[in-house]
Amino acid sequence: MQRHDNRPTDEMRPLRFVLDPAPHATASVLSCFGHTRVICAVTIEEDVPRWMKAQHVEGGWLTAEYAMLPYSTLDRKKRDSSAGKVDGRSVEIQRLIGRSLRAVVDLEALGARTIWVDCDVLQADGGTRTASITGAAVALQIALNRLVAKGLLEKSPMKQLVSAISVGKLEGTPLLDLCYVEDRDAEVDMNVVMTERGEYVEVQGSGEEAVFTAEEMAQMLALAAKGAAQITAAQKEAIARADAPKDEDMSALCDFFNAR
């Protein structure tokens, strides 16, 4: 089949991590999957939630928040603050982000600290949750490395990287990394969260007025594993240049905002 952007069925969209677009955070990343762009910022506080103190729970905590900014979609999206509550989709996604990251962090080794992960969608073209998880993992590792460099942690409590990728079935064909048009029309939509060792954290899959076979599911999971391996390599490259001069990244940030 002919894909919307002419990619092969097993090819991801261009992937890029721009470092520290939000300099007041402990670490931040602009996570770009094609035209989907999400700022993932990590802030670490030297305190824990009240419920942990009340229940005498050792270690620290990690929590996430997710929001699509009003101008991230073709039609303006109303802010949650205007509606007086967070919409159900945002709640579901921020819980997924939190679960995905907690799966690879030793919270007891973190100490009495709270990690806040904020994912704000600047531009949405499919896969905002997967871009959020993937970029947040990069920002989290960089933030924890910075705590180690300051002597606040003996070693990073992040056990391994985690990433997420979308797969699906469109016109009977399994596809990797769906853009919005493909996601909208897909018969099957699936989001796969995996560790760098190839372990599954979560698999979210459903037929959209359609069904899928075990063989098709295996094909989609194989595509997800291929994509996750490529993402892990890109994540490690971004983390490795975290302490390099930032001129290149800020120039790249301007390029991304100016790109059409």
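Residues numbered from 1 in each chain as written. Predicted model: local features only at pLDDT ≥ 70, side-chain atom pairs only at ≥ 80, totals over all residues. Heavy atoms only, no water.

What follows deals with the packing of aromatic side chains. According to the stated counting rule, one finds 1 aromatic pair in the structure shown. Ring geometry for Trp 51 versus Trp 61: centroids 5.2 Å apart, planes at 85°, classification edge-to-face. With Trp 51 in helix H1 (residues 50–54) and Trp 61 in strand E4 (residues 61–68), this residue pair connects regions lying 10 residues apart in the sequence. Trp 61 sits in the partly exposed class, given a relative accessible area of 23%. (Phe/Tyr/Trp six-rings, centres within 6.5 Å; stacked < 30°, edge-to-face > 60°. Helix = DSSP H or I, 4+ residues; strand = E, 2+ residues; numbered from the N terminus. Buried < 20%, exposed > 50% of the residue type's maximum accessible area, 1.4 Å probe, protein only.)

In this section: unusual backbone geometry. We note that His 56 has phi near 55°; this positive angle belongs to a residue other than glycine. As for its placement among the helices and strands, His 56 is situated in the loop between H1 and E4. By relative accessible area, which is 67% here, His 56 ends up exposed. Positioned with a positive phi, Glu 209 is a non-glycine residue whose angle comes to about 55°. With respect to the element layout, Glu 209 can be found in the loop between strand E9 (200–207) and helix H7 (214–240).

As a further point, take the pattern of salt bridges. Counted according to the given criterion, the structure contains 14 salt bridges. We note a salt bridge from Arg 113 to Glu 46, for which the minimum N-O separation is 2.9 Å. Taken together, the residues span a long stretch of sequence, with Arg 113 in the loop between helix H4 (107–110) and strand E5 (114–123) and Glu 46 in the loop between strand E3 (36–45) and H1 at a distance of 67 residues. For Asp 185, the salt bridge is made with Arg 184, and the minimal N-O distance between the two is 3.0 Å. The structure contains a network of salt bridges with shared partners spanning Arg 3, Asp 5, Arg 7 and Glu 182. (Salt bridge = Lys/Arg side-chain N within 4 Å of Asp/Glu carboxyl O.)

Working note: a packed helix pair is described by the angle between its axes plus the distance between those axes. The N-to-C vectors of helix H3 (residues 88–102) and helix H5 (residues 128–149) enclose an angle of 35°; their axes lie 10 Å apart at closest approach. Viewed along their axes, H3 and H5 form a crossing whose handedness is right-handed. Seen from H3, the contacting residues are Arg 89, Glu 92, Ile 93, Leu 96, Ile 97, Ser 100 and Leu 101; seen from H5, they are Thr 128, Arg 129, Ser 132, Ile 133, Ala 136, Ala 137 and Leu 140. A breakdown of the residues in the contact of H3 with H5 according to their chemical character gives 8 nonpolar, 3 polar and 3 charged. (Axes fitted to C-alpha atoms, helices over the stretch in contact; angles between N-to-C directions. Left-handed = near helix turned anticlockwise from the far one by under 90°. Contact = heavy atoms within 4.5 Å. Nonpolar A, V, L, I, M, F, W, Y, C, P; charged D, E, K, R; others polar.)

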